[in-house]
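These are the residues of each chain, in order.
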Amino acid sequence: MEAIQDAGDISVHILARLSKGHTRIQIETDLVQEGHDERFIKDLLQEIIKLRNSKRRVTGLSLILSGAVICLLSCVLSIVLHLSPAVFAIVLYGFTSVGILLAFAGFTKVF
């Protein structure tokens, strides 16, 4: 494997290894064996993992928000619209179920 020179190359290298399923410890030991500074590698790994987790957090929060909006829409439509019982059930139970599922999918991304 050829030597990696700057922080940009190292971070791309780390991201590639993380996407292949390597653990943080494996990546750290491999890069230290290649001659890179151990403290620098630890800090860089920590920042890359924070960045990756922040992307998941943003996705999760947007799912939670969309689920809450759908639940609110279901509640408002079921109160305001006096529809046939079949349509009422679809609006009340269908929209609410979809909203709750989206919210819980978001919770799994955040936590």
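Calculation criteria
- Residues numbered from 1 in each chain as written.
- Predicted model: local features only at pLDDT ≥ 70, side-chain atom pairs only at ≥ 80, totals over all residues.
- Heavy atoms only, no water.
- Helix = DSSP H or I, 4+ residues; strand = E, 2+ residues; numbered from the N terminus.
- Rg over C-alpha atoms; globule rule 2.2 N^0.38 Å.
- Buried < 20%, exposed > 50% of the residue type's maximum accessible area, 1.4 Å probe, protein only.
- Contact = heavy atoms within 4.5 Å.
- Areas by Shrake-Rupley, 256 points an atom, 1.4 Å probe, with all protein chains shown as cover.
- Lys, Arg positive; Asp, Glu negative; His and termini not counted.
- Charge placed at Lys NZ, Arg CZ, Asp CG, Glu CD.
- Core = buried A, V, L, I, M, F, W, Y, C linked by side-chain atoms within 4.5 Å.
- Axes fitted to C-alpha atoms, helices over the stretch in contact; angles between N-to-C directions.
- Parallel < 35°, antiparallel > 145°, perpendicular 65-115°, else oblique.
- Left-handed = near helix turned anticlockwise from the far one by under 90°.
- Nonpolar A, V, L, I, M, F, W, Y, C, P; charged D, E, K, R; others polar.

### A word on the overall build of the protein
Here is step 1: The helix and strand inventory of the protein stands at four helices and zero strands.
Here is step 2: Taken over the C-alpha trace, the protein has a radius of gyration of 23 Å; the compact-globule value for 111 residues is 13 Å, which it surpasses by more than 25%.
Here is step 3: Along the first, second and third principal axes, the C-alpha set of the protein runs to 70 × 20 × 20 Å.
Here is step 4: Considering the protein as a whole, with its 111 residues, one finds that 23% of them fall into the buried category.
Here is step 5: Taking as baseline every contact in the protein between residues at least 6 positions apart, the subset at least 24 positions apart corresponds to 59%.
Here is step 6: Accessible surface, the protein: about 7700 Å² in total, of which carbon and sulfur atoms supply 67%.
Here is step 7: The positive charge centre, built from 11 side chains, and the negative charge centre, built from 10, are 13 Å apart in the protein.

### A look at the nonpolar core
Here is step 1: With 10 residues, the main nonpolar core is built from Ile 10, Ile 14, Leu 18, Ile 27, Leu 31, Ile 41, Leu 44, Leu 45, Ile 48 and Ile 49.
Here is step 2: Going through the elements one at a time, helix H1 (7–20), helix H2 (24–33) and helix H3 (38–80) are the ones with two or more residues in this core.
Here is step 3: Ranked by residue count, the leading element in this core is H3, at five residues.
Here is step 4: Ignoring any residue separated from it by four or fewer positions in sequence, one finds Ile 49 in contact with Leu 18 and Arg 24.

### Description of the environment of Asp 30
Here is step 1: Position of Asp 30 relative to the elements: it lies in helix H2.
Here is step 2: On the accessibility criterion, Asp 30 (28% relative accessible area) is partly exposed.
Here is step 3: When the C-alpha positions of Asp 30 and His 13 are compared, they lie 11 Å apart, and in sequence the two are 17 residues distant.

### Regarding the packing of H3 against helix H4 (residues 85–110)
When two helices pack together, their arrangement is captured by the angle between the axes and the distance separating the axes.
Here is step 1: The contact between H3 and H4 brings their axes to 7 Å, and the two run at 165°. Taken together, H3 and H4 sit at an angle that is classed as roughly antiparallel. The crossing of H3 and H4 is left-handed.
Here is step 2: Class assignment for the residues of the contact of H3 with H4 results in 18 nonpolar, nine polar and three charged.

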